[in-house]
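Each chain, written out:
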Amino acid sequence: MKTENNSAILPEEELRLIGKFARKELSQDEIYTFSVILCDNEIDRDNERFTVPALKTLAELFVGKTGIFDHNMSSKDQNARIYATEFVTDESRKTSHGEPYCYIKAKAYMVRTEKNKDLIAEIEAGIKKETSVGCCVRTISCSICGKNIKSEGCEHQKGKVYGGKLCSFLLEDPTDAYEWSFVAVPAQKNAGVIKAFVPSKASAEAERWAEEYREELKASLLRDAGSVMPELKSSLIEDICGALSIGKLREMRDAFRQKAEKNLPLVRQLDCTHDTNEESNSEYKI
Ligand SMILES: [Zn+2]
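Residues numbered from 1 in each chain as written. Predicted model: local features only at pLDDT ≥ 70, side-chain atom pairs only at ≥ 80, totals over all residues. Heavy atoms only, no water.

K.L.:
Just checking my understanding: could you explain the state of the cysteines for this structure?
P.N.:
Linking two cysteines covalently through their sulfur atoms gives a disulfide. For the structure shown, the criterion picks out zero disulfides. C39 provides the cysteine sulfur closest to C135, a residue in no disulfide bond, and the two sulfurs are 6.6 Å apart. Note on C135: relative accessible area 0%, which makes it buried. (Disulfide = S-S within 2.5 Å. Buried < 20%, exposed > 50% of the residue type's maximum accessible area, 1.4 Å probe, protein only.)

Below is the structure:
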């Protein structure tokens, strides 16, 4: 990861874009901007990946969305807002499944305050952070047979190899992007993509899918909690989970996950730092 300081003057066009979201007119001095890679088409740790068209749609959906830094510092001074996104293809790099590497690069701004001075210094110093994004997709399909997992199902299991090919689930047709966050964590495979599989319109099916998402969160929380705090009874954790909203459940899952990964750091895979001299903003590699 490479960071550059943000002393350069923002182009008029950027100020105009930021102005669309800011409640009051902001001067150059009041704004801090940086860039972040939100998500990519690499297979994630859940053996799932976004398709290229899905990433293009997500790039549009993320404009205007607020991100927070570290869940335990949720004051509004820790908020940043995305004011522009770009879908980028890096032809010089291939994903593990052989596609050119693609990602969504987002530009975000923060209003400088006394309280976020340290945070900005941290960003400029290049403290590594992981981005995690939350979004909904309408379709998930199998990379081996192409069947729709939700409506048809198939006999393949993600993460298993069939005829030399790794089965992964393809996330397609995003309907909403609802948040992104930055969490300081040790290096790991790639961005923590949080996916909620709900259709755009509220329905009994949406509720069922939300429930499935909740169960997924709970299962991963139980796993991580068990590894970092084996003395906690799983029945107790289940009781706590039952009382939490999906958002809170996710926060708790992230906290335990961070702790678990601190104990057992994973190898950092995506660390290609190409030259970003043409940019005045800092950029996170995830
Ligand atoms: Zn299949």
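K.L.:
Sorry, what's going on with the coordination of the zinc ion here?
P.N.:
Between any two of four tetrahedral donors, the ideal angle at the metal is 109.5 degrees; between two of six octahedral donors, it is 90 or 180 degrees. All of the protein donors around the zinc ion are C142 (SG), C145 (SG), C154 (SG) and H156 (ND1); their distances to the metal are 2.1 to 2.3 Å. One can describe the site at the zinc ion as tetrahedral: its four donor atoms subtend angles covering 106 to 114° at the metal. Summarised as a motif, the one-chain spacing of the donors to the zinc ion is C-x2-C-x8-C-x1-H. A residue is classified by how much of its surface remains accessible, and C145, at 33% relative accessible area, is partly exposed. (Donors = N, O, S within 2.8 Å, 3.2 Å for Na, K, Ca; no water. Tetrahedral: all angles 85-135°; square planar, octahedral: opposite > 155°, others 65-115°.)

K.L.:
Can you help me understand the confidence of the model for the protein chain in this one?
P.N.:
It should be kept in mind that the predicted coordinates are not to be read in detail where pLDDT is low. Of all residues in the protein chain, 74% attain a pLDDT of 70 or more, and the chain-wide mean is 77. Within the model, pLDDT remains below 50 along residues 185–202, and this stretch shows 77 contacts once partners closer than five positions in the same chain are excluded. (pLDDT = per-residue confidence, 0-100. Contact = heavy atoms within 4.5 Å.)

K.L.:
Can you help me understand the packing of aromatic side chains in this one?
P.N.:
Two descriptors summarise a pair of aromatic rings, namely the distance from one centre to the other and the angle between the planes of the rings. Applying the stated criterion across every chain, the model contains three aromatic pairs. Measuring from centroid to centroid gives 6.2 Å for Y83 and Y109, while their planes differ by 55°, and the two rings are tilted. Of this pair, Y83 sits in strand 4 (residues 79–94) while Y109 sits in strand 5 (residues 100–111); the two residues are 26 residues apart in sequence, bridging distant segments of the chain. Considered together, Y83 and Y109 belong to a single accessibility category, that of buried residues. One residue, R93, lies across the ring of Y101, its end atom 4.0 Å from the ring centre. (Phe/Tyr/Trp six-rings, centres within 6.5 Å; stacked < 30°, edge-to-face > 60°. Helix = DSSP H or I, 4+ residues; strand = E, 2+ residues; numbered from the N terminus. Lys NZ or Arg CZ within 6 Å of the ring centre and 35° of its normal.)

K.L.:
So what exactly am I meant to see when it comes to the nonpolar core here?
P.N.:
Across soluble globular proteins, nonpolar side chains show a tendency to be buried alongside one another. Within the largest apolar cluster, 34 residues are counted, with the highest numbers of intra-cluster contacts made by F34, L38, F50, M110 and W180. Residue assignment for this core shows that the elements contributing at least two residues are strand 1 (31–40), helix 2 (52–61), strand 4, strand 5, helix 3 (117–125), strand 6 (130–142) and strand 9 (169–183). (Core = buried A, V, L, I, M, F, W, Y, C linked by side-chain atoms within 4.5 Å.)

K.L.:
Can you help me understand the pattern of salt bridges in this one?
P.N.:
Opposite charge on two side chains permits them to pair, given that their charged atoms come into close proximity. All chains considered together, the criterion is met by 12 salt bridges. Residue D176 is joined to K65 by a salt bridge in which the shortest nitrogen-to-oxygen separation is 3.9 Å. Of the two residues, D176 sits in strand 9 while K65 sits in the loop between helix 2 and strand 3 (66–69), which places them 111 residues apart along the sequence. Since its relative accessible area comes to 33%, D176 is described here as partly exposed. Owing to a relative accessible area of 22%, K65 belongs among the partly exposed residues under this scheme. A salt bridge links R253 to D254; the shortest N-O distance between them is 3.2 Å. One exposure class covers both R253 and D254, and it is buried. Among the ionic contacts, a cluster of salt bridges with common partners joins E215, K218 and E238. (Salt bridge = Lys/Arg side-chain N within 4 Å of Asp/Glu carboxyl O.)

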